[in-house]
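Residue-level listing of the chains:
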Amino acid sequence: LEKEFIRHLKGLGYEYLSIHNETDLIDNLRRQIERLNEYTFSDDEWELFFYSVISNSNEGIVEKTKTIQEDSVKNLKRDDGTTKNITLIDKKNIHNNSLQVINQYEANTGKRQNRYDVTVLVNGFPLVHIELKRRGVPIREAFNQIDRYQRDSFWAGSGLFEYVQIFVISNGTNTKYYSNTTRFNAIKEAGKARKKTKTSNSFEFTSFWADANNKVIPDLVDFTKTFFSKHTILNILTKYCVFTSENLLLVMRPYQIVATERILNRIEIAHNYKKYGSIAGGGYIWHTTGSGKTLTSFKSARLVSKLEYIDKVLFVVDRKDLDYQTMKEYDRFEKGAANSNTSTAILKKQLEDENC
C-alpha cells in the first residue's frame with residue numbers, strides 16, 4: 001500500500017527522497033528554503049536562523065502552526081549586520097513551493113523509537129503526515145498510532161514534526177484527514193464548575209474527502225489523485241485552513257472549500273464581465289444545520305477582502321440574535337476581524353472610512 005501510494009505521488013510530480021534521519025531532513029530543509037528565496041546561507045547564518053526561528057526550543061506546536069498559517073515570512077540577520085526577509089511558504093504563488101515525499105523516517109529520540117510511514121515535505125517542512133494500515137484493519141488504529149507519535153516523538157530532537165498541519169489515515173479502502181491541533185474538553189466534576197482539560201485529537205474530528213458534487217472519495221488511490229494533486233494540497237495548506245484566536249487549527253471540509261471557491265469565482269465573473277447588480281452576479285450557498293456555514297462565510301469574506309478590486313465585504317444577517325452569534329464566531333476565528341454596527345448611521349460611517 002505504501003509503495004503504491006508513493007508511486008502515485010511521484011506520478012503527481014512529487015520528488016521522492018531517501019531521508020530517514022534528522023540530519024538529512026535539516027540539510028534538505030536548508031536547500032529548499034535557499035531555493036525558494038534564491039539565497040545561499042552562510043553556515044553561521046543558517047545555524048542562527050535554524051535554532052532561533054525554525055527550531056526554537058521555546059516554541060511548540062501552537063507557535064509553529066502560527067508560523068505556517070500566519071507568519072511565514074521571517075527576518076534573517078546576515079553576517080554583515082543587515083536583515084533579509086526569508087519566506088518559508090510562498091502563499092501568493094503556491095506553485096513556487098516544492099513538494100517532496102519521504103517514508104520510513106526513523107525518530108530515535110523522544111520517549112521511544114518510532115518509524116513513520118509517509119510524510120509530505122513542503123519546502124522541506126513536514127506539513128502532511130500519512131499513516132497507512134493494511135486493508136481490513138480499522139483506520140482508527142492509524143489514528144491511534146499518530147496519537148502515540150504526538151506523545152512520544154514528534155516534539156523530540158529539533159521538533160520539526162510539530163510543523164505537521166494535516167494528518168491522513170487510510171487502510172486503502174477508507175481514507176480520512178484531519179488537522180494537527182490540540183482541543184479542549186469541558187469537564188463538569190461533581191459539585192464543581194466546568195473546567196477545561198487538554199486532550200489530543202478526537203477521531204470524531206476526522207473527515208472524508210469528497211468531490212465537487214459532495215460524493216465521498218474513500219479509496220486511497222482516488223483520494224491521492226484529488227486531495228494530493230499539487231494545486232489542491234497547496235491550496236488547502238495556504239488558503240483553506242483557519243488558525244483560530246483560541247489556537248485551534250481548523251481544516252475546511254470539502255463542501256466548504258467548494259462553496260468558498262464558487263463564491264470567489266462568481267465574484268470574479270461579476271467583476272470581469274460587469275455583472276454587478278444582476279442575477280448572474282449573485283448566487284446562494286446551501287448548507288445544512290451544523291455544517292459550518294459561518295466558517296465558510298468567514299473564510300470567503302477573508303479571501304474576498306484580499307482581492308485588489310474589493311474595498312469592503314459586508315455580512316448581513318436577518319436577526320439580532322444571529323448578529324451576536326455570528327460576531328462571536330468571527331471573533332473566535334480571528335479576533336477583531338469584523339466590525340458590527342447597531343444603526344444605519346454607524347454603517348454609513350464604516351462604509352466611508354477607508355481604514356475600516
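Residues numbered from 1 in each chain as written. Predicted model: local features only at pLDDT ≥ 70, side-chain atom pairs only at ≥ 80, totals over all residues. Heavy atoms only, no water.

Right, let's talk about helix H1 (residues 2-11) for a bit. Within H1 the residues assigned to the buried category are Glu2, Phe5, Ile6, His8 and Leu9. Projected down its long axis, H1 carries its buried residues within an arc of 155 degrees, all on one side. Projecting away from the buried face of H1 at angles above 90 degrees are the exposed residues Lys3 and Gly11. Turning to H1, the residues buried within the fold contact strand E1 (15-16), strand E4 (99-107), strand E5 (114-122), strand E6 (125-132) and helix H6 (220-227). One or two steps after H1, the chain reaches Gly13, where phi turns positive at roughly 105 degrees. (Buried < 20%, exposed > 50% of the residue type's maximum accessible area, 1.4 Å probe, protein only. Helix = DSSP H or I, 4+ residues; strand = E, 2+ residues; numbered from the N terminus. Arc of directions from axis to C-beta. Contact = heavy atoms within 4.5 Å.)

Only one face of strand E2 (residues 73-77) is covered, namely the face carrying Lys74 and Leu76; the face carrying Val73, Asn75 and Lys77 is uncovered. Note: E2 against strand E3 (residues 83-87), five bridges, orientation antiparallel. The residue of E3 that forms the bridge with Lys74 is Ile86. In textbook terms, the turn of a hairpin is the stretch between consecutive antiparallel strands, and for E2 and E3 this stretch comprises five residues, one of which, Gly81, has a positive phi near 95 degrees. (Pairing = 2+ DSSP bridges.)

Let's shift gears to the pairing of E6. Looking along a regular strand, one sees side chains alternate from face to face of the sheet. Burial within E6 is extensive, with eight of its eight residues counted as buried. The pairing of E5 with E6 spans five bridges and is classified as antiparallel. Looking across to E6, one finds that Val118 is bridged to Ile130. Two successive antiparallel strands, E5 and E6, enclose a turn made up of two residues, where Asn123 displays a positive phi of approximately 55 degrees.

Okay, the nonpolar core next. Counting 82 residues, the largest nonpolar core has Ile54, Val128, Phe227 and Phe228 as the members making the most contacts within it. With sequence-adjacent residues up to four places away left out, Phe228 is seen in contact with Phe5, Leu9, Leu12, Tyr14, Val120, Val128, Ile130, Val168, Phe223 and Ile233. (Core = buried A, V, L, I, M, F, W, Y, C linked by side-chain atoms within 4.5 Å.)

Before going further, it helps to spend a moment on the packing of helix H8 (residues 254-272) against helix H9 (residues 293-305). Contact pair H8 / H9: the axes reach a minimum separation of 9 Å and the direction vectors enclose 40 degrees. Considering only the axes of H8 and H9, their crossing is right-handed. Two secondary-structure elements touch here, H8 through Gln256, Ala259, Thr260, Ile263, Leu264 and Ile267 and H9 through Leu295, Thr296, Lys299, Ser300, Leu303 and Val304. Tallied by class, residues from the contact of H8 with H9 come to seven nonpolar, four polar and one charged. (Axes fitted to C-alpha atoms, helices over the stretch in contact; angles between N-to-C directions. Left-handed = near helix turned anticlockwise from the far one by under 90°. Nonpolar A, V, L, I, M, F, W, Y, C, P; charged D, E, K, R; others polar.)

What follows concerns the sheet that holds strand E7 (residues 166-170). Read across the sheet, six strands follow the order E1-E4-E5-E6-E7-E8 without closing on themselves; strand pairing throughout is mixed. Of all strands in the sheet, those bounded by a partner on one side alone are E1 and strand E8 (175-179).

Attention now goes to a nonpolar patch on the surface. On the surface, a cluster of nonpolar side chains totalling about 310 Å² of accessible area is made up of Leu314, Val316 and Leu351. Position of Val316 among the secondary structure elements: in the loop between H9 and helix H10 (320-333). (Patch = residues over 30% accessible without salt bridge, like charges linked within 9 Å, V, L, I, M, F, W, Y side chains within 5 Å. Areas by Shrake-Rupley, 256 points an atom, 1.4 Å probe, with all protein chains shown as cover. Salt bridge = Lys/Arg side-chain N within 4 Å of Asp/Glu carboxyl O.)

Per the counting criterion, the structure on display carries twelve salt bridges. Each member of the salt-bridge network shares a partner with another, and the members are Arg30, Glu34 and Asp43.

The quantities given are spatial measurements derived from coordinates; they are silent on function.
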